[in-house]
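A look at the structure
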Amino acid sequence: MSHEHASNTKRIWFVFGLLSVVTTVEVILGIYKPGVLEFNHFVGLNLLNWIFYILTIFKAYYIVWAFMHMEGEKSSLRWSVVSPVIFLVLYLLFILLTEGHYIYGVFKDSTIKWNF
């Protein structure tokens, strides 16, 4: 009973290239900050931040999918790993946006200055 080992070199280079392109796009957007994305808002955040969130979540998902070998697992195991992460990320985003808005309101209308 022998198992043939298939080389994943092509797949590893594809994943490396894809993640490199996404990271390069993030860096370019972070350096140039296009005004169209920076000054238009959607649900309390500018579009540039939404793009960063989406690209970061895409990279994290793809890293888990490719390098933690989740594509070969049963659907129930995949969902038991992914669903808590999705919930926690959404919860963290909610807390950050809510508390950030509160802190902005406190400092905007008070005599306390922005010293951080």
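Looking at an unreviewed UniProt entry, the chain carries the name Cytochrome C oxidase subunit IV family protein, with the source organism given as Flavobacterium endoglycinae. Entered under Subcellular location (unreviewed entry) in the UniProt record, the comment concerning the chain runs "Cell membrane".

1. Some points on the overall build of the chain
Counting its secondary structure elements, the chain contains four helices and two strands. Walking the chain from its N terminus toward its C terminus, one meets helices and strands in the order α-α-β-β-α-α. Relative to the 2.2 N^0.38 estimate, which gives 13 Å for 116 residues, the radius of gyration of the chain is 20 Å and therefore markedly larger than a compact globule would have. Among the 116 residues that make up the chain, the fraction classed as buried is 14%. Across the chain, the fraction of contacts at a sequence separation of at least 24, relative to all contacts at a separation of at least 6, is 46%. By element, 71% of the accessible surface of the chain is carried by carbon and sulfur atoms, the whole surface being about 9700 Å².

2. As for the environment of Arg11
Tracing the sequence through the fold places Arg11 in helix α1 (residues 9–32). Residues Arg11 and Pro84, spaced 73 residues apart in sequence, show a C-alpha to C-alpha distance of 28 Å. Once residues lying within four places of it in the same chain are set aside, the contact partners of Arg11 are Trp65, Ala66 and Glu71. Of note is the side chain of Arg11, whose polar atom sits 3.3 Å from the side chain of Glu71.

3. Quick notes on unusual backbone geometry
Of note in this structure, Lys33 is not a glycine but carries a positive phi near 40 degrees. Here Lys33 shows up in the loop between α1 and α2 (35–38). Lys33 gets classed as partly exposed once you look at its relative accessible area, which sits at 43%. Here the phi dihedral of His69 falls at roughly 60 degrees; this positive angle occurs in a residue that is not glycine. Among the secondary structure elements, His69 is positioned in the loop between α3 (47–67) and α4 (75–108).

4. Remarks on the UniProt feature "transmembrane region" (unreviewed entry) in the chain
This chain's UniProt record puts "transmembrane region" (unreviewed entry) on residues 12–32, 47–67 and 79–97. Annotated as residues 47–67, this span is 100% helix and 0% strand, and its ends, taken at the C-alpha atoms, are 30 Å apart. Across residues 79–97, helical content stands at 100% and strand content at 0%; the span's end C-alpha atoms are separated by 26 Å.

Thresholds applied
- Residues numbered from 1 in each chain as written.
- Predicted model: local features only at pLDDT ≥ 70, side-chain atom pairs only at ≥ 80, totals over all residues.
- Heavy atoms only, no water.
- UniProt positions renumbered as here; feature names shortened; annotations may be inferred.
- Helix = DSSP H or I, 4+ residues; strand = E, 2+ residues; numbered from the N terminus.
- Rg over C-alpha atoms; globule rule 2.2 N^0.38 Å.
- Buried < 20%, exposed > 50% of the residue type's maximum accessible area, 1.4 Å probe, protein only.
- Contact = heavy atoms within 4.5 Å.
- Areas by Shrake-Rupley, 256 points an atom, 1.4 Å probe, with all protein chains shown as cover.
- Polar contact = N/O pair within 3.5 Å; in protein donor to acceptor, adjacent residues only side chain to side chain.

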